[in-house]
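A structural walkthrough
Listed below are the residues making up each chain.
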Amino acid sequence: MLDRLVRFFTSLRLTVVLLAFGLALVFFGTLAQVDEGLYAAQNRWFRSFVVVHAHVGKIYLPIFPGGYLLGGLLIFNLLAAHTRYYRPEKRKIGIAMIHLGVVLLLVGQLLTDLLSTESSMHIREGSSANYSEAGRSFELAVVDTTDADTDKVVAIPEHRLLKRRDIAHPELPFTVRVQKFFINSSLSKESGEGYQPVKTTAGGGRGLWWREMPHETAMDRGDTPSGIVELTTPQGSLGTYLVSAFLHPQEFTHNGRQFKLDLRPQRFYKPFSLHLVEFRFDRYAGTEIPKNFSSRVRLQRPDTGEDREVLIYMNSPLRYAGETFYQADWDKADEKGTILQVVHNPSWLTPYFACVMVAAGLIFQFLTHLIGFARKRRPA
């Protein structure tokens, strides 16, 4: 039985089958983006172990292997086959390098999926920013604004709000109890089909109507969450508040301190700031055809004393502190603001190392056979 398992997991047939399923996964996952949207399709098809009850056009798939399962099996198959068949010899070093490079490429993609984050930084000319914001994830920020110089912020991530449980934190003098939370919602000042009255006892939510909306899958649109939270202490309730990405922060006072509740895009704070000195949108002479758009920013980091200007433009990002800042968009109304895409990917060099290793292995293997063939061709 053990021998059969070893032969199965080290067989070339398994490799071919897994690669065939991989091609089918790319095909179905790409088609699924039409109905599910890019991000939902990525998570369902490529960032999962199994896809169940999938409809791709008129095709129904009750179950299909996901990207994590196929990738994991390919890595296991490759390592098992290499361990079983590889014999340490000088002329086979190239094969080992090729196998290791392929494994490194697959592992690098997994690490990218698990560790990388994308966000955006919006800066107006003459202003600075020290944080970027996620495009599709939110957080409930409880901000203590009592001190004039600094704000104390406790950020509750969206996935904790979805669990609808009590949330306590040492920095908060009260507990946040999530009564309702909609990942996507709609607010209205008047009743309508499907709308229900917002039932709160404090803040600015009274008199509004709301309803839960389907999860947004289009690339150019996003979810707008809303929820009702209750603030409680051992002495009793401080009131229930409506928090929503549609509304301004809800402000209140407790024990002489000023607080506000803000349901906002998730923020990623930096130990430095970028000050937008100038944004340029160059066009070809006599036309409105874009030629180039760039941002001249001043990078300031108080803890190191660093203060320098950097030009960010198309295909020339800023790489700093483990993050990459790309010129992505701008304020089209007056062309006085820039939007930088911020990518944090700790394993961004892994694909380069993998490709270099595979190329080196192929070259080494080719030269080994070429030199051996040339020696045999020498006249006696």
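Small disclaimer: the values here were computed from a predicted structure and weren't measured.

1. Some details on the side chain of Asn184
- Inspection of the secondary structure assignment puts Asn184 in the loop between strand 7 (175-182) and strand 8 (185-188).
- Looking at Asn184, the relative accessible area reads 7%, which means it is buried.
- At 2.7 Å, the side chain of Asn184 forms a polar contact with the backbone oxygen of Pro214.
- Beyond its immediate chain neighbours, meaning those up to four positions away, Asn184 contacts Arg211, Glu212, Met213, Pro214, Glu216, Gly222, Asp223, Thr224 and Pro225.

2. Side note on the pairing of strand 10 (residues 209-212)
- Pairing analysis gives four bridges linking strand 8 to strand 10, with the strands arranged antiparallel. Following the sheet pairing, Ser186 is matched in strand 10 by Arg211.
- Here two bridges tie strand 9 (residues 196-197) to strand 10, and the two strands are oriented antiparallel to one another. What sits directly across from Gln196, in strand 10, is Trp210.

3. A short note on the pattern of salt bridges
- Applying the stated criterion across every chain, the model contains 24 salt bridges.
- In this structure, the salt-bridge partner of Asp113 is Arg47, at a minimum N-O distance of 3.6 Å. Of this pair, Asp113 sits in helix 5 (residues 93-115) while Arg47 sits in the loop between helix 3 (38-46) and strand 1 (50-56); the two residues are 66 residues apart in sequence, bridging distant segments of the chain.
- What makes Asp113 partly exposed here is its relative accessible area of 22%.
- Here Arg257 ties to Asp144 by a salt bridge, and the two come within 2.8 Å at their closest N and O atoms. One end of the pair, Arg257, is in strand 14 (residues 257-283); the other, Asp144, is in strand 4 (residues 128-144), and 113 residues separate them in sequence.

4. Some details on the packing of aromatic side chains
- Throughout the structure, instances matching the rule amount to 20 aromatic pairs.
- On the numbers, 5.4 Å between centres and 75 degrees between planes, the contact of Phe174 with Phe259 is edge-to-face. With a gap of 85 residues between them, Phe174 in the loop between strand 6 (166-167) and strand 7 and Phe259 in strand 14 connect regions that are remote in the sequence. As far as burial versus exposure is concerned, Phe174 and Phe259 are alike and both buried.
- Here a set of aromatic residues connected by ring pairs shows up, and it is made of Phe21, Phe27, Phe28, Trp45 and Phe64.
- It is Arg211 that lies over the ring of Tyr195; its NZ or CZ is 5.7 Å from the centre.
- In this arrangement the basic side chain of Arg283 is found over the ring face of Phe281, its NZ or CZ atom lying 4.1 Å from the centre.

5. Overview of helix 3
- Where helix 3 is concerned, the buried positions are Leu38, Ala41 and Trp45. Angular distribution of buried residues about the axis of helix 3 spans 65 degrees; they occupy a single face of the element.
- Looking at the buried residues of helix 3, the elements they touch are helix 2 (12-36), strand 1, strand 2 (59-65) and helix 4 (67-85).

6. Quick notes on the nonpolar core
- Ranked by internal contacts, the top residues of the largest apolar core, which has 20 residues, are Leu140, Leu161, Phe174, Val176, Val229 and Leu261.
- If we ignore the near neighbours within four places in the chain, the residues touching Phe174 are Val142, Leu231, Thr232, Thr233, Leu238, Phe252, His254 and Phe259.
- Formed by 19 residues, the second largest nonpolar core is a distinct cluster that contains Leu274, Phe279, Val310 and Tyr320.

So, how was this worked out
Residues numbered from 1 in each chain as written. Predicted model: local features only at pLDDT ≥ 70, side-chain atom pairs only at ≥ 80, totals over all residues. Heavy atoms only, no water. Helix = DSSP H or I, 4+ residues; strand = E, 2+ residues; numbered from the N terminus. Buried < 20%, exposed > 50% of the residue type's maximum accessible area, 1.4 Å probe, protein only. Polar contact = N/O pair within 3.5 Å; in protein donor to acceptor, adjacent residues only side chain to side chain. Contact = heavy atoms within 4.5 Å. Pairing = 2+ DSSP bridges. Salt bridge = Lys/Arg side-chain N within 4 Å of Asp/Glu carboxyl O. Phe/Tyr/Trp six-rings, centres within 6.5 Å; stacked < 30°, edge-to-face > 60°. Lys NZ or Arg CZ within 6 Å of the ring centre and 35° of its normal. Arc of directions from axis to C-beta. Core = buried A, V, L, I, M, F, W, Y, C linked by side-chain atoms within 4.5 Å.

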